[in-house]
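Chain residues, written in single-letter form:
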Amino acid sequence: MLDLRPSCEHCDCDLSPESRDAMICSFECTFCSTCVDEVLKGVCSNCGGNFVPRPIRPAKEWREGVSLARFPASTKRVHKPKDPAEQTAFAASVATVAPENR
Ligand SMILES: [Zn+2]
Ligand SMILES: [Zn+2]
């Protein structure tokens, strides 16, 4: 099940489960879209993968047994700020390879 983390791993801003600003990599590393663009340069600093917008888990139980209330968001903040210069160099090398070829 997708881990809906409550905050950006770099800047620690709040990312509520309904936020359209949350971005995730395939390992669920979670960042705000500003950090993905401006600090990470679109490359996950932890795994080198790409990002997609995090899907929003419905608050309302449209189908029995599946909703945010039944499967709540995580409350565990992951805050591991990245070194912007190191990340820029890392992203520059990784981004030369398309995500599907990394
Ligand atoms: Zn951020
Ligand atoms: Zn990652």
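A few points on the structure. (Residues numbered from 1 in each chain as written. Chains lettered and ligands numbered in written order. Predicted model: local features only at pLDDT ≥ 70, side-chain atom pairs only at ≥ 80, totals over all residues. Heavy atoms only, no water.)

**Overview of the packing of aromatic side chains**
Part 1 of the reasoning: If you walk through the whole model with that rule in mind, you get one aromatic pair.
Part 2 of the reasoning: When the centroid spacing of 5.6 Å and the interplanar angle of 90 degrees are considered together, the rings of phenylalanine 31 and phenylalanine 51 count as edge-to-face. Pair noted here: phenylalanine 31 is in strand E2 (residues 30-32) and phenylalanine 51 is in the loop between helix H1 (33-38) and strand E3 (52-53), with a separation of 20 residues, a long-range link.
Part 3 of the reasoning: Note on phenylalanine 31: relative accessible area 0%, which makes it buried. (Phe/Tyr/Trp six-rings, centres within 6.5 Å; stacked < 30°, edge-to-face > 60°. Helix = DSSP H or I, 4+ residues; strand = E, 2+ residues; numbered from the N terminus. Buried < 20%, exposed > 50% of the residue type's maximum accessible area, 1.4 Å probe, protein only.)

**So, the environment of serine 33**
Part 1 of the reasoning: Summarising the element assignment, serine 33 is placed in helix H1.
Part 2 of the reasoning: Spatially, the C-alpha atoms of serine 33 and alanine 22 are 6.1 Å apart, while their sequence positions differ by 11 residues.
Part 3 of the reasoning: Among residues more than four places away in sequence, those in contact with serine 33 are Asp21 and Met23. (Contact = heavy atoms within 4.5 Å.)

**Side note on the coordination of the zinc ion (ligand 1)**
Part 1 of the reasoning: Looking at the zinc ion (ligand 1), one finds its protein donor set to be Cys8 (SG), Cys11 (SG), Cys32 (SG) and Cys35 (SG), positioned 2.3 to 2.4 Å from the metal centre.
Part 2 of the reasoning: Coordination at the zinc ion (ligand 1) is tetrahedral, judged from the four donor atoms that bind it and the angles of 100 to 119 degrees they form at the metal.
Part 3 of the reasoning: Each donor residue of the zinc ion (ligand 1) lies on one chain, and together they are spaced C-x2-C-x20-C-x2-C. Placement of cysteine 8 in the segment before strand E1 (22-24) and of cysteine 32 in strand E2 is noted, with a sequence separation of 24 residues between them. In terms of burial, cysteine 8 and cysteine 32 fall into one category: buried. (Donors = N, O, S within 2.8 Å, 3.2 Å for Na, K, Ca; no water. Tetrahedral: all angles 85-135°; square planar, octahedral: opposite > 155°, others 65-115°.)

**Digging into the coordination of the zinc ion (ligand 2)**
Part 1 of the reasoning: Each protein donor to the zinc ion (ligand 2) is listed here as Cys25 (SG), Cys44 (SG) and Cys47 (SG); together their distances run 2.3 to 2.4 Å.
Part 2 of the reasoning: Each donor residue of the zinc ion (ligand 2) belongs to the same chain, with the gaps between them written as C-x18-C-x2-C. With cysteine 25 in the loop between E1 and E2 and cysteine 47 in the loop between H1 and E3, this residue pair connects regions lying 22 residues apart in the sequence.

**Points about the pattern of salt bridges**
Part 1 of the reasoning: By the definition in use, this model includes five salt bridges.
Part 2 of the reasoning: A salt bridge links aspartate 3 to arginine 5, with the nearest nitrogen and oxygen atoms 2.9 Å apart.
Part 3 of the reasoning: Taking the relative accessible area as the measure of exposure, aspartate 3 reaches 26% and is therefore partly exposed.
Part 4 of the reasoning: The partner of arginine 70 in a salt bridge is glutamate 61, with the nearest N and O atoms 3.1 Å apart. (Salt bridge = Lys/Arg side-chain N within 4 Å of Asp/Glu carboxyl O.)

**Thoughts on helix H2 (residues 84-94)**
Part 1 of the reasoning: Considered for burial, the residues of H2 that qualify are Gln87, Ala91 and Val94. The arc that holds every buried residue of H2, seen down its axis, measures 65 degrees, which confines them to one face. With respect to the buried face of H2, the exposed residues turned more than 90 degrees away are Ala85 and Ala89.
Part 2 of the reasoning: For H2, the N-terminal cap is aspartate 83; the gap from its side-chain oxygen to the backbone nitrogen of alanine 85 is 3.2 Å. (Arc of directions from axis to C-beta. Polar contact = N/O pair within 3.5 Å; in protein donor to acceptor, adjacent residues only side chain to side chain.)

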